[in-house]
Structure formats: structure tokens, C-alpha cells
Amino acid sequence: YWIELFMDYNNDKFSPASGLVHLASIGEGTLFSFRTALIEKNSSENLSHLAVAPDFPAVMSLGKLLLVKAEKDPFFLISEDEWYCSRIVVTTPEGDVVLFPCYRWISRGELVELRGGRAMKVFEDDHPLLIDHRRNELLDKKKLYHSDYEQVLICKSSMITDKIGNNIFCQCVSEYVMQHWKDDDFFGFQFLNAINPNVIKRCSELPPNFSVTEEMVKPFLRDGTSLKQEMGKGNIFICDQKIMDGIPTRMYDGHPLQVAAGLCLFYMNPENKLMPIAIQLHQQPSEQNPIFLPSDSEADWLLAKLFIRSSDLLEHQAVYHLMSTHFLAEVFAIATFRCFPEIHPLYKLLIPHFRYTLNVNSGARNSLLGPDGSLGYEGIKELMRRGLSRMTYSSLCLPENIAARGLQSIPNFYYRDDGLKLWNIINSFVKYIVEHYYPSDSDVCKDTELQEWINEIFTHGFPASFNTVEEVIKFITMVIFTVSVQHAALNNEQFDYSSWMPYGSGLLHKPAPTTKGQSSMTTLLETLPNIGETVKFAGMLWVLSHKYTDVVLLGQYPEERFDEPTPKQMIKEFQAELSYLSEEITARNSRLEVPYTYLNPTEIENSVTI
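By the naming in an unreviewed UniProt entry, the protein is Hydroperoxide isomerase ALOXE3-like, taken from Pundamilia nyererei.

Laid out in C-alpha cells, this is it:
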């Protein structure tokens, strides 16, 4: 037997280590042990690996290997660091190479049992030792990971303070925002391709509480047409912020802050530019709730757009970014830890997509749910509750989401274009993996671990069980898409589009205007955050959009968990498809005045890590 231990080190070149590795096999029930020697770090790869040919007859077979037990020597006298063991690879006398993934720290005196070989579903285990190991692993994990999923989605926190340098506005897109923040076509553009492309939808009939008339908007439509005609052609779109109506706000200088719950009407003009043509800042029409139009004074129209953008930012951050990516990822991750043993094929497929998620969500509760915006904790909690009540499974599946909002053919919608291509690439990859391990629907039905996993996730229209292979493929596609692509689309551009406060801020000091002709540019400046608040918000956005040195991009699987050649080949094909799409997106962006880079696979992380 030839046994190789791979360990990552970030300390000195030489790290003394001592421990035991036991092999458990079927043949004779043999336990074999050896003590390691000095481990030398490979400085070029930051990876150490120890190869040991044990003092044991190489021609003597132990039978089929079941488990490897790795233990650090509790009696080793030299001071040493913990082991971070990546994997153990065993080559048998018959020439078989068996991978035992580890990817965890091992402390002195700690014993870790590892399963190796091909991925196995629960009904495929046929040896008592493996059945017991599987059961005990899940029992231990359920003690470690436990959660009230409702509280995962709605939770308490406080804001942290971040600092940034004087060169904050240095990126090309943020500079473009500063130059064009007053432009109506850019205001419409951001509802398709900025931080929140989730709310706009096609409008075939005005809501009864939106008191827009034909005469009001006729000057902003193509000559010879009408609002009704343009609705029939599919050129009218709406953003309805009714979810914000009545949301409690925090106190500021002894007075409650106010947020808009507005309605904004858009027109896709013959130049394929999405233009705002009417804004109402509260849900109930009244004399104190006028319809603002592009023909109003500059200050009135800019203030109306500012309040729409402000509420959009608040809804984006609480409902779509934090709840629908961060906290959903946490629900998926905890269910995966609790319900799948590490030998399960879906654990091996999914676990790379939950890297750092639980840790970063602890920070997210501190940074994104704090009291410094207009809402404060109670308001954000209520907003998230409302968002959760209307969340559906289909709303998380991009093809169905786009169709439900009537946005299949709206031009210059790069989030849709890139997102649908990524959905299809992920879906194809998941299909190959799932069908490899689940050849028939009956395999799905009798996998009790899989059924327990979806049962733990089940809520608000999600499937309560799986009956077919196709159902599993769709759901796993949604999970991977949500924690990678969707999070990138909602997170990565935050600094670009939201660091220039006159364009929109989560904190506005004055209430929305109730009459026309009474506002000025001074009113707008008094409405915006002060300098200290601006620095704090911009600093947080910079941190959220910042890329770190240990990024793992979508399609990269640095942890070797699959032992079979088929899934390894599928991963290579997945990576190739992502590379082709990256080239396509890069070529397209080279022709755009404002490039949409956020769903280029080179910009998408494999998991929610920031």
C-alpha cells in the first residue's frame, strides 16, 4: 500500500507532524497503522504531501477499503500546528487509487473517519460498518447544524462602520453614473441592468390606484400614438413599490423618516431606450400625491426619481440581495450539512457552492440589517417578512421569472441575456451529474436523504418532495444559480451604481414632496445623507463589491471530492462552456457604452462569500 497525505500549510517551510492512519477493510477486518515522518512544505504550491510506503507486505491485500481514520498523535512532544488535511490517497497492491476527501482541520488527539471511493446514495450502502458510519455522521452533523429557517431569513443585527480612502470614485461605471445620473434614459437603464433588475414588469393595464391619464403622458410617447396603443404593443412597463407601503421607519432628530411606496411608468421608445414617463410617490392617489412628469421642474423630477431609487435600493438590499440570496443560501447550506453525508453525490456537487456562506452571513447580519438607513431594524424585518410571503419557487427560476414579468423581448436587457445563458449552462451540467447518479425516477424516490433534504427546505410553494429526476435537476440548478449567478448580479455592481448618493440613497432626510413647484436643488441636497453618512454607505458598498485574493469562480472546484472519471469530465466540460460564454460577453461589452460585466463567468463566485 502506498498512502499519500495532502496538507495545506501557511506557516514555516518545515512543519513537524506525527499521527496515525488506519485502514479499515472488508477482507479480514484488518486495521493497519503507521506513524508519519517530517512533512516538508512545497513552497511553490503551498501544499505539503507525505507519501509513505508502510512496513507491510505490499503484495498482501487487505480487501476492499471501507474507511480511513486519520489521527494526530496526542503524545507528540514537539510543538506543532494543527493539520489541515486536504485529502488522503491510497494506492492498493492491485493498482487501484482510492481518494479519501478530508478538507478539514485535525487537532492533536482528534480522530477523523473518512470515506473514499465513488459517491454513494443511502440505499447503495451494503456493509454494516459503512451504514453505521453514514448514520453516525449525520447524527453528529445535526447536533452541530440546527436552525429555525424562518429566523435564518429574518434576523436581528447592527450596522458596522467601514472606512474608505479619498480615491473612492475611481471606477469607470461609477464615473459614468456621476456624469449621467440626471438622464432619464440612464434611470430606465438601471432598472434592467443595475443592482435590482427584479422589479420591473410589462404593463398591459394601469393599476386603479395609479392616476395617470393619456393627456399626461402623451407628450412623451411617439407622435400619433397613445398610452393604450403602446400598452397593446408591449412597450409600457411599470415598477410598483407597494411592498414599501406602511413600512415602519426609524427616528431621526426626533422625527420618523419617510420612504416612498411609489409607482413608476416606463416607455420603451423607438430608439430602444427605456424612459420614465410618470411617477407617483405613494400608493393612494390624492391631492397631496401628484403625478410627477418629465416636463416638471428639474428639481421636482429629480426628487421624484430620487425617492423611487431610494425605495428600490431598500427593497433590493433587504428582499432580493440579503434574503433571496444570502439567507436562502444559508437555508440550502444548513439542509445540505444536516441531510447529506459527505459520500453522497449531491453533497459532493453542492458543498463547493456553500464555501464561506455561513461565516459571511454572520457579517451580513451586522452590515446590511443595521439601524443607519431609513428603515432601521424593525422596518427591514417587516420588509423581509413581506418579501418572504410573496417568494415562490418559480420566482427563483430565471426563465419562469422573466416570462412571468413579460420581459422576454425587451431590448438591451443584459441581465436577462447573460443570466439565461448561465442558467442553461448550469442546468446542462447538473443534468449530466444528476442523471449519472439517478438513472431513474425510482432512484430519486427511494433516496431518503434526498427527500429529507428537500423537506427541510420546503416552504412557500417549494416542492415538499421529489418524484422525478427532472424535478431534482431543476431544483439543484436553481440552488447553484441563486448562490452564484444571482448573487453576483445583485451584489457586484453595488459600488458602481449606488456610491453616488444624489443618484439614490438608502437614507433620505426629508419626506417625499407632496406638491409641485415648491422644491429646488437646495431641497434635493437637504434630502440627501450628510458627508459622514455618505462615507459610511459608500464604504460599505465598496467592501461588498471588493474582490479578494482567494476568490473561487463559478465552475472551479479546487477541492477534489469526486473520485470517478465521469463527473470529473463533466466538470471540465462545464468549465469549457463557461469559458466560451465569457469570451462572448467580453466581445459584446466591447461594443457597449456602459458594459455589463457582472455576469461574465470571470466575475461570478462559486458561492456567497461577500
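Novice: Looking at this model, I keep getting lost on the overall build of the protein. Mind explaining?
Specialist: Helices and strands together make up the secondary structure of the protein, namely 19 helices and 17 strands. Burial analysis of the protein (610 residues in total) assigns 56% to the buried set. A separation threshold of at least 6 residues defines the contact pool for the protein, and within that pool the share at least 24 residues apart is 75%. For the protein, the exposed area adds up to about 25500 Å²; of that, 53% sits on carbon and sulfur atoms.

Novice: Explain unusual backbone geometry to me, please; I cannot follow it from the model alone.
Specialist: Most peptide bonds adopt trans geometry, and most residues besides glycine take a negative phi value. Although it is not a glycine, D253 sits at a positive phi angle of roughly 55°. Even without being a glycine, N412 presents a positive backbone phi close to 60°. Using a relative accessible area of 35% as the deciding quantity, one classes N412 as partly exposed.

Novice: Where do I start with the side chain of S607 in this structure?
Specialist: Here S607 is to be found in the segment after α19 (565-589). Judged by its relative accessible area of 3%, S607 falls in the buried class. Among the polar contacts made by the side chain of S607, one reaches the main-chain carbonyl oxygen of R355 at a distance of 2.9 Å. For S607, the residues in contact, after removing those within four places along its chain, are P352, H353, F354, R355, T357 and V483.

Novice: I would appreciate a short explanation of the pattern of salt bridges in the present structure.
Specialist: Once their charged atoms are close, side chains differing in charge can pair, the charge on each being opposite to the other. For the coordinates displayed, the defined rule picks out 29 salt bridges. Between K233 and E230 there is a salt bridge; the shortest N-O distance is 4.0 Å. For E230, a relative accessible area of 1% corresponds to the buried category. When the shortest N-O distance is used, the salt bridge between E584 and K421 registers 2.3 Å. With E584 in helix α19 and K421 in helix α12 (residues 414-437), this pair connects stretches of sequence that are 163 residues apart. Sharing partners across several salt bridges, the network here consists of R115, D125, R134 and E449.

Novice: What exactly am I supposed to notice about the packing of aromatic side chains here?
Specialist: For any two aromatic rings, the description comes down to two numbers: the centre-to-centre distance and the angle of the planes. Per the stated rule, a full pass over the model turns up 21 aromatic pairs. With 5.5 Å between their ring centres and 45° between their planes, Y393 and F475 make a pair best called tilted. Placement of the pair is Y393 in the loop between α10 (376-390) and α11 (398-404) and F475 in helix α15 (residues 469-491), with a sequence separation of 82 residues. Note on accessibility: Y393 and F475 belong to one class, buried. Just above the ring of Y438 sits the side chain of K121; from NZ or CZ to the centre is 5.1 Å. The positively charged end of K446 is found above the aromatic ring belonging to F123, 4.6 Å away from the centroid.

Novice: I would appreciate a short explanation of the confidence of the model for the protein in the present structure.
Specialist: A low pLDDT means the predicted coordinates there should not be read in detail. Averaged over the protein, the pLDDT score is 84; the fraction of residues at 70 or greater is 82%. Here residues 9-17 is a poorly scored stretch, pLDDT under 50, and it has 29 contacts once near neighbours within four places are set aside; other chains count. Note that residues 154-170 has pLDDT below 50 and, in this model, 46 contacts with residues that lie over four places away or in other chains.

Novice: Looking at this structure, I do not really get helix α14 (residues 448-457). What am I missing?
Specialist: Because each turn of an α-helix spans 3.6 residues, side chains separated by three or four positions in sequence point in the same direction. The buried fraction of α14 amounts to seven of the ten residues, a majority that puts the element mostly inside the structure. Taken together, the buried positions of α14 are occupied by E449, L450, Q451, W453, I454, E456 and I457. With a side-chain oxygen lying 3.2 Å from the backbone nitrogen of E449, the N-terminal cap of α14 falls on D447.

Novice: Would you mind going over the packing of helix α7 (residues 298-339) against α14 with me for this structure?
Specialist: Packed helices, taken two at a time, are described by the angle their axes make and the gap between the axes. Where α7 contacts α14, the two axes come as close as 9 Å, and the packing angle between them is 150°. Taken as axis vectors, α7 and α14 run roughly antiparallel relative to one another. Both α7 and α14 take part in a crossing whose hand is right-handed. Here α7 contributes V331, F332, A335, T336, R338 and C339 to the contact with α14, which in turn contributes E449, E452, W453, E456 and I457.

Novice: Please explain the environment of R309 as it appears in this structure.
Specialist: Tracing the backbone through its elements, the reader meets R309 in helix α7. For R309, a relative accessible area of 0% corresponds to the buried category. Counting along the chain gives 193 residues from R309 to P502, while the straight-line C-alpha distance between them is 10.0 Å. Beyond its immediate stretch of four places on either side in the chain, R309 contacts F187, Q190, Y497, S498, Y503 and G504.

Novice: In this structure, what is going on with the environment of H321? I would like to understand it.
Specialist: Position of H321 among the secondary structure elements: in helix α7. In this structure, the C-alpha to C-alpha distance between H321 and L490, residues 169 residues apart in sequence, is 5.8 Å. Looking at H321, its side chain comes within polar contact range of the side chain of Q317, at 2.5 Å.

Novice: Whenever I open this one, the sheet that holds strand β12 (residues 236-240) confuses me. Can you help?
Specialist: To summarise the sheet geometry, strands pair through backbone hydrogen bonds and adopt either a parallel or an antiparallel arrangement. Here five strands make up an open sheet; going across it, the order is β11-β12-β15-β16-β17 and the pairing antiparallel. Looking at strand neighbours, the two that pair on one side only are β11 (201-202) and β17 (291-292), the edges of this open sheet. Summarising the sheet, strand β15 (residues 263-268) and strand β16 (residues 274-280) pair through six bridges and their orientation is antiparallel. In the sheet register, L265 faces β16, and the bridge partner there is A278. Here helix α4 (residues 184-193) sits on the sheet in contact with β12, β15 and β16, set at roughly 90° to β16. Taken strand by strand, α7 contacts β15, β16 and β17, and its axis lies near 90° from that of β16.

Novice: Honestly, the pairing of β12 in this entry has me stumped. Any pointers?
Specialist: In regular strands, side chains alternate between the two faces of the sheet. Across the five residues of β12, four count as buried, placing the element largely inside the fold. As judged from the five bridges shared by β12 and β15, these two strands associate in the antiparallel manner. Following the sheet pairing, F237 is matched in β15 by F266.

Novice: I'm lost on the nonpolar core in this one. Help?
Specialist: Taken as a class, soluble globular proteins show a tendency for nonpolar side chains to be buried jointly. Core analysis: the largest hydrophobic core is formed by 128 residues, its most contacted members being F332, W453, F475, M478 and Y497. With 23 residues, the single largest contributor to this core is α7. Both of domain 2 (198-313) and domain 3 (321-490 + 547-609) provide at least three residues apiece to this core. With near-sequence residues (within four places) excluded, M478 lies in contact with F332, Y393, L396, C397, W423 and F462.

Parameters and conventions
- Residues numbered from 1 in each chain as written.
- Predicted model: local features only at pLDDT ≥ 70, side-chain atom pairs only at ≥ 80, totals over all residues.
- Heavy atoms only, no water.
- Helix = DSSP H or I, 4+ residues; strand = E, 2+ residues; numbered from the N terminus.
- Buried < 20%, exposed > 50% of the residue type's maximum accessible area, 1.4 Å probe, protein only.
- Contact = heavy atoms within 4.5 Å.
- Areas by Shrake-Rupley, 256 points an atom, 1.4 Å probe, with all protein chains shown as cover.
- Polar contact = N/O pair within 3.5 Å; in protein donor to acceptor, adjacent residues only side chain to side chain.
- Salt bridge = Lys/Arg side-chain N within 4 Å of Asp/Glu carboxyl O.
- Phe/Tyr/Trp six-rings, centres within 6.5 Å; stacked < 30°, edge-to-face > 60°.
- Lys NZ or Arg CZ within 6 Å of the ring centre and 35° of its normal.
- pLDDT = per-residue confidence, 0-100.
- Axes fitted to C-alpha atoms, helices over the stretch in contact; angles between N-to-C directions.
- Parallel < 35°, antiparallel > 145°, perpendicular 65-115°, else oblique.
- Left-handed = near helix turned anticlockwise from the far one by under 90°.
- Pairing = 2+ DSSP bridges.
- Core = buried A, V, L, I, M, F, W, Y, C linked by side-chain atoms within 4.5 Å.
- Domains from an automatic or database assignment.

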